[in-house]
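Close look at the chain arrangement
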Number of protein chains: 2
Amino acid sequence: MDNPLDQLFELLRIPSISADPQHKDDIGRAADWLADKLAKAGFSSEVIDTKGHPLVFAERIVAAQAPTVLIYGHYDVQPAEPLALWSTPPFEPTIRDGKIYARGASDDKGQIFAHVAAVSQLKDALPVNVKFIIEGEEEVGSPSLVPFVEAHREKLKADVVLVSDSPMFAPGLPTLTYGLRGLAYMEVRLRGLGRDVHSGAYGGAVPNAAHAASWMIARLKDEMGWIRIPGFYDDVIPISPQEREMWAKLPFAESEYLAETGATAAPGEPGYGILERRWARPTLDVNGIGSGYQGEGSKTVIAAEAFFKFSMRLVPDQQPQKIAEITEKYLREILPPGYQMEIIRHHGGDPVVIPLETPVVKAAAEALKEAWGKETVFTREGGSIPIVSDFMRVLQAPVVLMGFGLESDNLHAPNEKFDVINFEKGIEASKNFLRKLPQYV
Amino acid sequence: MDNPLDQLFELLRIPSISADPQHKDDIGRAADWLADKLAKAGFSSEVIDTKGHPLVFAERIVAAQAPTVLIYGHYDVQPAEPLALWSTPPFEPTIRDGKIYARGASDDKGQIFAHVAAVSQLKDALPVNVKFIIEGEEEVGSPSLVPFVEAHREKLKADVVLVSDSPMFAPGLPTLTYGLRGLAYMEVRLRGLGRDVHSGAYGGAVPNAAHAASWMIARLKDEMGWIRIPGFYDDVIPISPQEREMWAKLPFAESEYLAETGATAAPGEPGYGILERRWARPTLDVNGIGSGYQGEGSKTVIAAEAFFKFSMRLVPDQQPQKIAEITEKYLREILPPGYQMEIIRHHGGDPVVIPLETPVVKAAAEALKEAWGKETVFTREGGSIPIVSDFMRVLQAPVVLMGFGLESDNLHAPNEKFDVINFEKGIEASKNFLRKLPQYV
């Protein structure tokens, strides 16, 4: 096999943006490229069409009685806008200071390709059966993956599912993620007028949808950080004393966290630390809002319409469907008179916590420890990988979240990057894990 | 003189959009066109350069001892976007159902050109001295006009200032406007982060500027319509019982008002009627808000920044400067912790009420009555014409607001129109006023 870094660069050069129909051909190219690389590693590989973007499936069965691991990842990436904020073009991967800068470098091409490189390097010494399922719709809510998994339980059957789409807690610190927040993403569109009107002639007498949006957002989450939707917190399971103790030992400094995000404060629910608020507390964030005149200077207009998009991050045992329902009910209650409202439900996903006693979790912790030469830490993650709960439910197999990225990798933002060392250690950890698995399954 | 309607169409075809630097040449063409038409009517006319767009000044002195009227208007227009909503192109004037459709038809080319047509028709029978001052920056806050007026008091000296940039109360109902609301237009830009971050990884622990904007807007004006800025209402003069009685007689139906705007309710300060809320109560409206992802579908981002633009409409004796100061102070008080705020002050203007006993107001009422064959009604207007208070202050002359447009003319919106009958009656009323003036000054 060629230098893994050169190969990764080939993949990063393909602008496989799943949200943008103009990149449909690039999506196909990325899928074909991965299937080809896996075929060269001795796998039987296929590119499977779906209603949306294709799935890459590949498998190599070394022995019927050997343990089987299913490795999941995604080859699609987020849009790269705003392009002006990138130091180097998003689809021309560049190494600066030991970091690979490119859209998808960390999320998720670099991480999934570490496993492809691992099995390529093991080649005929592959100690367990390995299957890959790599999708092209993760950044648009994975609409085709779950139906495929449900329809192909036997094909995907495995003793453990390995997912690398989560961050390490700190540079050089091997990390296993055992919890993910769930997601319920919604959009509210408000209309107060049949047309935009002059704010002088009409101001004070007609509905203003921008105000209605603001009033409603202010009633969804207050200035303290509390979500005001009745019943929202009902199913939240508090963290255990053991978890609190374990997290307190993690190398975390609020000042560094603030410096890294450019924030001057970390506002949120009083009484909870930053880690707990990110990992084990649900939240609600407006992801976008728009109404009226947004250009330079001033325009004296009252806009007919306003919209806001918001997402709720959920923790066990909150259920996205139930949360969306109580949110929708609450939105109808707090809608001020004089406005028409349309509510759109975007994607959702269940929160997950995987017990630390699970044997394959121990195998993964050992594999990581050997690669980095340090004890593995156990963390949860604030983000959502909705497919994880689906794998657990449909395949009835534990999921191991072995992340090689960093929080500071600028996922979904300009100047996304992936540390070269994390790519190299990731390949090593992947090989370690496959070698150890027979003792733990 | 050619058919006035054909001439107006020539002016409407010039896209003299003052806010857009790409239309600088069109601005110049519109100014030249007006100066040329006034020269042909026997005026000495000039196009005067400013730091911004040029002013058209013209005068015709019939006798040193005759009364002098200064006629003000503007030849610039609002941007035409969104173009897709126009039934016919904004700069190709079209008559449908007796209405001239074009950007600027009513605001203000049709209205100012009615006076140009009037003096052209009177030609050598002009009974009074007439001066014209026509600006090209009204839609961008008239930055050059006030300095010009202050520097040229003698040149502009007049016994009365005539302004036609306000609406008639109803079709066919001659209307004199004796009050205008003032304006204080501001913008708030908030920053909570150094960069956009992933809403999963960071949600619950970092500032979200879209929420801060919403909380602040909700604290500026509540759901009842009350403005919460301390001291905001201090200088508001309530309307007199006579005004209340006069307005109650106006032909106003809330149902028609709602139908015309496409609103299903007219929310606002409890205890005040719709006319009073538009004309004699101050208000606050967000004119634009934006943050985060505004495209199709969903993006899991917490945006670093958010902004909102808002304008306050003021009534006597509120002062724009003082209102802007208390608003700025309040904004700093309600700014949640963790956000940087930039406050931009856009344009402002004083509110105005002109006493109904003023002789030239009576002359104008007579002139309108004769043109339309109906008693003139006296109204205030919700919009602002900041230059009116400046004319009163600097020239120490009363201002007559003789409007020929209608509220339903779609000012600042797609499909702006001007009724042909209002253009024709406007020319007649203008001639009547000039003929009557010697008896009233």
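Residues numbered from 1 in each chain as written. Chains lettered and ligands numbered in written order. Predicted model: local features only at pLDDT ≥ 70, side-chain atom pairs only at ≥ 80, totals over all residues.

**Observations concerning the interface of chain B and chain A**
Convention followed: Here the contact rule is simple: place C-beta atoms from the backbone, and any two residues whose C-beta atoms are within 7 Å are in contact. Working definition: helices are DSSP H or I runs of at least four residues, strands are E runs of at least two. Numbering for both runs from the N terminus.
Residue-level contacts link 72 residues of chain B with 72 residues of chain A. Residue assignment for the side of chain B that touches chain A shows that the elements contributing at least two residues are β11 (197-198), α6 (199-202), α7 (209-220), α10 (274-279), β12 (283-292), β13 (301-302), β14 (305-314) and β15 (340-349) of chain B. With nine residues, the single largest contributor to the side of chain B that touches chain A is β12(B).

**Notes on the relation of the copies chain B and chain A**
The condition is simple: Here the copies were fitted onto each other by least squares, based on C-alpha atoms from residues at pLDDT of at least 70 in both.
Each copy of the sequence occupies a distinct position, and chain B is placed on chain A by a rotation of 180 degrees and an axial shift of 0.1 Å, giving an RMSD of 0.1 Å. Both copies of the chain, as the preceding transformation shows, are related through a two-fold rotation axis. A share of 100% of interface residues in chain B that are also interface residues in chain A marks the association as one of identical surfaces.

**Points about unusual backbone geometry**
A:P82 follows A:E81 through a cis peptide bond whose omega is -5 degrees. Residue position: A:P82 is located in the loop between β3 (68-74) and β4 (94-96). With omega at 5 degrees, the peptide bond leading from B:D107 into B:D108 counts as cis. Mapped onto the fold, B:D108 is located in helix α3 (residues 105-122).

**Points about the domain arrangement of chain A**
Residues and elements named next belong to chain A. Basically, it comes down to this: The domain limits used here are those given by an automatic or database domain assignment. Three classes are used: nonpolar for Ala, Val, Leu, Ile, Met, Phe, Trp, Tyr, Cys and Pro, charged for Asp, Glu, Lys and Arg, and polar for all others, with Gly counted as polar.
According to the domain assignment, chain A contains domain 1 (4-180 + 351-440) and domain 2 (182-236 + 282-349). Here the C-alpha centre of domain 2 lies 35 Å away from the C-alpha centre of domain 1. Contact with domain 1, which involves seven residues of that partner, is made by nine residues of domain 2. The class makeup of the residues in the side of domain 1 that touches domain 2 is three nonpolar, four polar and no charged.

**Things to note about the sheet that holds β14(B)**
Heads up, the condition is: Here, a strand pair is defined by DSSP locating no fewer than two bridges between the strands. Helix axes are fitted only over the stretch in contact, all axes being lines through C-alpha atoms; the angle between N-to-C directions runs from 0 to 180 degrees.
Judged by pairing direction, the sheet is antiparallel, and its eight strands sit side by side in the order β15(A)-β10(A)-β14(A)-β12(A)-β12(B)-β14(B)-β10(B)-β15(B) without closing on themselves. Taken across any chain shown, the strands that pair with only one partner, and hence form the sheet edges, are β15 (340-349) of chain A together with β15 of chain B. In this sheet, neighbouring strand axes are inclined to one another by 20 degrees on average, regardless of whether the strands run parallel or antiparallel. The pairing of strand β12 (residues 283-292) of chain A with β12(B) spans five bridges and is classified as antiparallel. Following the sheet pairing, A:G292 is matched in β12(B) by B:G288.

**Section: the environment of B:L122**
All names here are of chain B. Secondary-structure assignment places L122 in helix α3. Along the primary structure L122 and F418 are separated by 296 residues, whereas in three dimensions their C-alpha atoms are 23 Å apart. Leave out the neighbours within four places in its chain, and L122 touches K431 and L434.

**A few points about the sheet that holds strand β5 (residues 99-101) of chain A**
All names here are of chain A. If you walk across this open sheet you meet the three strands as β4-β5-β20, and the pairing is antiparallel. Either end of the sheet is taken by a strand with one partner, and the two such strands are β4 and β20 (417-419). Looking at each pair of strands side by side, their axes are set apart by 30 degrees on average, direction ignored. Examined bridge by bridge, β4 and β5 share three bridges and lie antiparallel to one another. Residue pairing in the sheet places T94 in a bridge with Y101 of β5. Against the sheet, helix α14 (residues 420-440) makes contact with β4, β5 and β20, and its axis sits at roughly 60 degrees relative to β20, the strand it touches most.

**Examining the nonpolar core**
This is how it is decided: In plain words, the nonpolar core is the set of buried Ala, Val, Leu, Ile, Met, Phe, Trp, Tyr and Cys residues that C-beta atoms within 7 Å link up. In this scheme the burial state of a residue depends on its C-beta neighbours within 10 Å: 20 or more other such atoms mean buried, 12 or fewer mean exposed, and anything in between means partly exposed; the C-beta positions come from the backbone.
If you look at the biggest cluster of nonpolar residues, it comprises 93 residues, and the most contacted ones within it are A:A209, A:A212, A:A213, B:A209, B:A212 and B:A213. Contacts of B:A209, omitting those with residues within four sequence positions, involve B:L190, B:R191, B:G192, B:S291, B:A303, B:A304, B:E305, B:A306 and B:Y339.

**Points about the packing of helix α3 (residues 105-122) of chain A against α14(A)**
Residues and elements named next belong to chain A. To keep things clear, this is the line we draw: Any angle that is under 35 degrees is reported as roughly parallel, and any over 145 degrees as roughly antiparallel; angles of 65 to 115 degrees are reported as roughly perpendicular and all others as oblique. What makes a crossing left-handed is the near helix being turned counterclockwise from the far one by less than a right angle; a clockwise turn instead makes it right-handed.
At a minimum axis distance of 8 Å, the contact between α3 and α14 shows a crossing angle of 55 degrees. One finds that α3 runs oblique with respect to α14. The element α3 and its partner α14 pack so that their crossing is right-handed. Two secondary-structure elements touch here, α3 through G110, Q111, A114, H115, A117, A118, Q121 and L122 and α14 through F423, G426, I427, S430, K431 and L434. Class assignment for the residues of the contact of α3 with α14 results in seven nonpolar, six polar and one charged.

**Topic: the pairing of strand β1 (residues 44-48) of chain B**
Residues and elements named next belong to chain B. Note: β1 against strand β2 (residues 55-60), five bridges, orientation antiparallel. Following the sheet pairing, S44 is matched in β2 by E59. Joining the antiparallel neighbours β1 and β2 is a turn of six residues.

**Here's the deal with helix α1 (residues 4-12) of chain B**
The periodicity of an α-helix, 3.6 residues per turn, causes residues three or four positions apart to be oriented the same way. Residues and elements named next belong to chain B. Worth spelling out the cut-off: Along the arc lie the directions from the helix axis toward the C-beta atoms.
Of the residues making up α1, those classed as buried are L8, L11 and L12. Looking down the long axis of α1, one finds its buried residues gathered within 95 degrees of arc, a one-sided arrangement. The secondary structure elements touched by the buried residues of α1 are α2 (24-40), α3 and α14 (420-440).

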